[in-house]
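Listed here are the chains, written in short residue letters.
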Amino acid sequence: MRKIDIFDTTLRDGEQSAGINLNTAEKIEIAKQLERLGVTIIEAGFPASSPGDFDAVHRIAGTVKNSIVTGLARCIQKDIDATWEAIKVAQQPHIHIFLATSPIHMEYKLKKSPEQVVEQAVEAVKYAKKFFPLVQWSAEDAFRSDREFLVRIMNEVVAAGATTINVPDTVGYASPQEYGALFKFLLENVKGADNVKFSAHCHDDLGMATANTIAAIENGAAQVEGTINGIGERAGNVALEEIAVALHIRKDIYQVQTGIQLQEIKRTSQLVSKLTNVVIQPNKAIVGRNAFAHESGIHQDGVLKNPETYEIISPALIGEGEIPLVLGKHSGRAAFRDRAETMGFHLSDEKLNKAFVEFKKLADRKKEITEEDLLTLLTEQQIQVEDVPLFDLKMVQVQYGTENIPTATAIVLTPEGLEKTVVATGSGSVEAIFNTLEQLVPGAVHVIDYRVTSVGKGRDALGEAVINIRYDEVSTTGRNSSQDVLEASAKAYLNAINRHLIQASLRAHPV
Ligand SMILES: CC(=O)SCCNC(=O)CCNC(=O)[C@H](O)C(C)(C)COP(=O)(O)OP(=O)(O)OC[C@H]1O[C@@H](n2cnc3c(N)ncnc32)[C@H](O)[C@@H]1OP(=O)(O)O
Ligand SMILES: CC(C)C(=O)C(=O)O
Ligand SMILES: [Mg+2]
């Protein structure tokens, strides 16, 4: 298998993203993780651009041993000198020099003729060769440059000693077919192309950075440049984790290897996100929070039967822990049963079905169903005793206003199978509910204790009501969790009455 070198520029091009500013300690931490990840080259910064960047590149060059460390420089002697001072401690000193070659950059930005640009590039490469064994030269905005001019300048810089030629699509304008064709053309036409590495450097302005990079590899690129999480100027650089995983998963067609330790990807991505403060979009390929999450019932059922039905990448491949199926409004019974069993609930089909119906009702109202919600729901089913006819609340409504007497109305299915409507007032909404439901049974129900707490966090957390009643000389506790505390209170009250009925039935039919 052909080897592709991975050139990571998270600390240089990635840091050029608006809003990112890494200090030296943070850069060293990321560089050490990039070394663990197994990248071939770490571009640690642009030493001539600031004393802080110089210091960071210098320290990284002295720290990292298993990856080559490089720094960026313009085709200016003082930039090359600063880079040498920063990098000379490295085991294999490497410099990355660049100069723009497109007509628009040469005319308006550099204000130089093509001849002057060739001369400046050659001089810079020759000067850098006095210090550095490894000299990478980049034709900035190569993709929008004249192809014949690229061949001319590349012939000259290769002859001057460049060891790598980078062909950036600086503004993310290329299509995969065009970018691949440019590599083929240059490899066929640049003199000495066989003796140097050709490198791809793609930006994602049109969302084609990954496809373009792969096209370059297919057409002979021996090195690819990018950043972790795809951070970088404007829409960013190509995301290296996407390249590494795509080349691994589809090795059947690409037949290349990168040396990347795939199981370090997740950790690297999280570190970069944390230190740069750039949140990863949830559906980002490979490292997004949802990249391996299945929510819909049909997918979950398939994944439980065989993960490969919907997973082309296993989370473990990139060092991601096991990801539980997400339970939400699109989930089905298979995933619900699986989670219940994982949580230690072995319910009969009937109870599981009842719990599932309650779960679906809750999922319609709540964005995220938490582990605590499930625990409450499943426990409620587990403690139900079958075969005793009970009360079932169909509806409860409370009218409340600061100037009105609170009034509650409830429709309840009785143990006899009748639908009964009851109404009562109270000094508060909860008392109105309790007074209303008390009419369902003969005699007085005394409320001994009543508490409401929240289950889980956030505004849409469930409210759990626990009530202790004394009825018929017996004390019984009822509980319920619902999204509304009044609903939870009504259901807890009926739950206490029902539990009283269950106890009475058990007493009447001793084993
Ligand atoms: C495509 C890329 O990602 S290129 C890398 C871009 N990264 C950065 O620019 C980040 C760091 N940059 C900086 O800190 C500053 O721009 C510095 C320190 C490098 C230079 O700052 P200043 O001296 O104030 O120059 P300024 O940024 O205003 O302009 C850039 C100058 O470099 C020149 N220049 C641009 N590219 C090159 C090059 N590859 N080789 C030589 N000169 C270049 C420009 O023509 C301009 O020259 P001018 O001042 O004679 O017109
Ligand atoms: C400095 C060069 C290689 C660059 O980042 C670009 O052209 O995008
Ligand atoms: Mg770039």
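Parameters at a glance
- Residues numbered from 1 in each chain as written.
- Chains lettered and ligands numbered in written order.
- Predicted model: local features only at pLDDT ≥ 70, side-chain atom pairs only at ≥ 80, totals over all residues.
- Heavy atoms only, no water.
- Near = heavy atom within 4 Å.
- Polar contact = N/O pair within 3.5 Å; in protein donor to acceptor, adjacent residues only side chain to side chain.
- Areas by Shrake-Rupley, 256 points an atom, 1.4 Å probe, with all protein chains shown as cover.
- Helix = DSSP H or I, 4+ residues; strand = E, 2+ residues; numbered from the N terminus.
- Nonpolar A, V, L, I, M, F, W, Y, C, P; charged D, E, K, R; others polar.
- 1 Å grid on protein atoms, 1.4 Å probe; cavity = no way out; pocket = protein on both sides within 12 Å on 5 of 7 lines; lining within 4 Å.
- Points joined across faces, edges and corners; volume = space filled by probe spheres on them.
- Phe/Tyr/Trp six-rings, centres within 6.5 Å; stacked < 30°, edge-to-face > 60°.
- Lys NZ or Arg CZ within 6 Å of the ring centre and 35° of its normal.
- Axes fitted to C-alpha atoms, helices over the stretch in contact; angles between N-to-C directions.
- Parallel < 35°, antiparallel > 145°, perpendicular 65-115°, else oblique.
- Left-handed = near helix turned anticlockwise from the far one by under 90°.
- Contact = heavy atoms within 4.5 Å.
- Pairing = 2+ DSSP bridges.
- UniProt positions renumbered as here; feature names shortened; annotations may be inferred.
- Donors = N, O, S within 2.8 Å, 3.2 Å for Na, K, Ca; no water.

### Some thoughts on the site of ligand 2
Phase 1: Close to ligand 2 lie R12, D13, H96, F98, S138, E140, N166, P168, T170, H201 and H203, which account for all nearby residues.
Phase 2: A distance of 2.6 Å separates an oxygen atom of ligand 2 from a polar atom in the side chain of T170.
Phase 3: Compared with its free state, where it exposes 260 Å², ligand 2 has 94% of that area covered by protein.
Phase 4: Put simply, the parts of the chain that give the shell around ligand 2 at least two residues each are α1 (10-14), β5 (94-100), β6 (134-140) and β7 (164-169).
Phase 5: Each residue belonging to the shell around ligand 2 can be placed in one class, and the counts come to two nonpolar, six polar and three charged.

### Here's the deal with empty space enclosed by the protein
Empty space left among the atoms is revealed by rolling a probe the size of a water molecule over them.
Phase 1: Per the counting criterion, the structure on display carries one cavity of 30 Å³ or more.
Phase 2: Considered as a void within the structure, the largest cavity measures approximately 40 Å³ in volume.
Phase 3: Lining the largest cavity, in full, are I6, L37, I228, L240, E241, A244, I260 and I265.
Phase 4: By residue number, the principal contributor to the lining of the largest cavity is helix α10 (residues 240-249), which donates three residues.
Phase 5: Within the lining of the largest cavity, the residues separate by chemical class into seven nonpolar, no polar and one charged.

### As for the layout of surface pockets
Phase 1: Considering only enclosed or pocket space, the second largest pocket measures out at about 550 Å³ in volume.
Phase 2: Residue lining of the second largest pocket: 20 residues in total, with N290, A293, P324, V326 and E368 positioned closest to the centre.

### Here we look at the packing of aromatic side chains
Aromatic rings considered in pairs are described by the distance between their centres and by the relative angle of their planes.
Phase 1: Going through the model one piece at a time under the given rule, you end up with 11 aromatic pairs.
Phase 2: Members of the aromatic cluster, each reached through a chain of ring pairs, are W84, Y127, F131 and F132.
Phase 3: Here R147 stacks its cationic end above the ring of F185, 4.7 Å away from the centre of that ring.

### Here's the deal with the packing of helix α6 (residues 114-129) against helix α7 (residues 147-160)
Phase 1: The contact between α6 and α7 brings their axes to 8 Å, and the two run at 25°. When the axes of α6 and α7 are compared, the pair comes out roughly parallel. Taken as a pair, α6 and α7 cross one another with a handedness that is right-handed. Contacts between α6 and α7 involve P114, E115, V117, V118, A121, V122, V125, K126 and K129 from the former and F149, R152, I153, E156, V157 and A160 from the latter.

### Observations concerning the pairing of strand β12 (residues 407-413)
Phase 1: The pairing of strand β11 (residues 392-399) with β12 spans seven bridges and is antiparallel. Pairing of D392 across the sheet is with L413, part of β12.
Phase 2: Across seven bridges, β12 lies against strand β13 (residues 419-425) in antiparallel orientation. From the neighbouring strand, V412 faces β13, where its bridge partner is K420.
Phase 3: Hairpin connection of β12 to β13: five residues between the antiparallel strands, including G417 at a positive phi of 90°.

### Brief notes about the environment of I165
Phase 1: Tracing the backbone shows I165 in strand β7.
Phase 2: Distance from I165 to Q136, taken between C-alpha atoms, is 5.9 Å for residues 29 residues apart in sequence.
Phase 3: When sequence neighbours within four positions are dropped, the list of residues in contact with I165 reads W137, M154, V157, V158, V196, K197, F198 and S199.

### Re the UniProt feature "domain: Pyruvate carboxyltransferase" (unreviewed entry) in the protein
Phase 1: Taking the numbering used here, the UniProt-annotated feature "domain: Pyruvate carboxyltransferase" (unreviewed entry) corresponds to residues 4-266.
Phase 2: The span residues 4-266 carries 46% helix and 17% strand; its end-to-end C-alpha distance comes to 21 Å.

### Details of the coordination of the magnesium ion (ligand 3)
Phase 1: Around the magnesium ion (ligand 3), the donor atoms from the protein are D13 (OD), H201 (NE2) and H203 (NE2), and they sit 2.0 to 2.2 Å away.
Phase 2: Spacing between the donor residues of the magnesium ion (ligand 3) along their common chain follows D-x187-H-x1-H.

### Some thoughts on the packing of helix α2 (residues 24-37) against helix α3 (residues 51-63)
Phase 1: At a minimum axis distance of 9 Å, the contact between α2 and α3 shows a crossing angle of 35°. As for how α2 packs across α3, the hand of that crossing is right-handed. Contacts between α2 and α3 involve T24, K27, I28, A31 and K32 from the first element and G52, D53, D55, A56, R59, I60 and T63 from the second.
Phase 2: When the residues that make up the contact of α2 with α3 are grouped by side-chain class, the tally is four nonpolar, three polar and five charged.

### Structural notes on unusual backbone geometry
Phase 1: With a phi angle near 55°, Q255 is a residue other than glycine that sits in the positive phi range.
Phase 2: Here Q255 shows up in the loop between α11 (251-254) and β10 (256-257).
Phase 3: In this model, I286 sits at a positive phi of 70°, which is unusual for a non-glycine residue.
Phase 4: Inspection of the secondary structure assignment puts I286 in the loop between α12 (265-276) and α13 (297-305).

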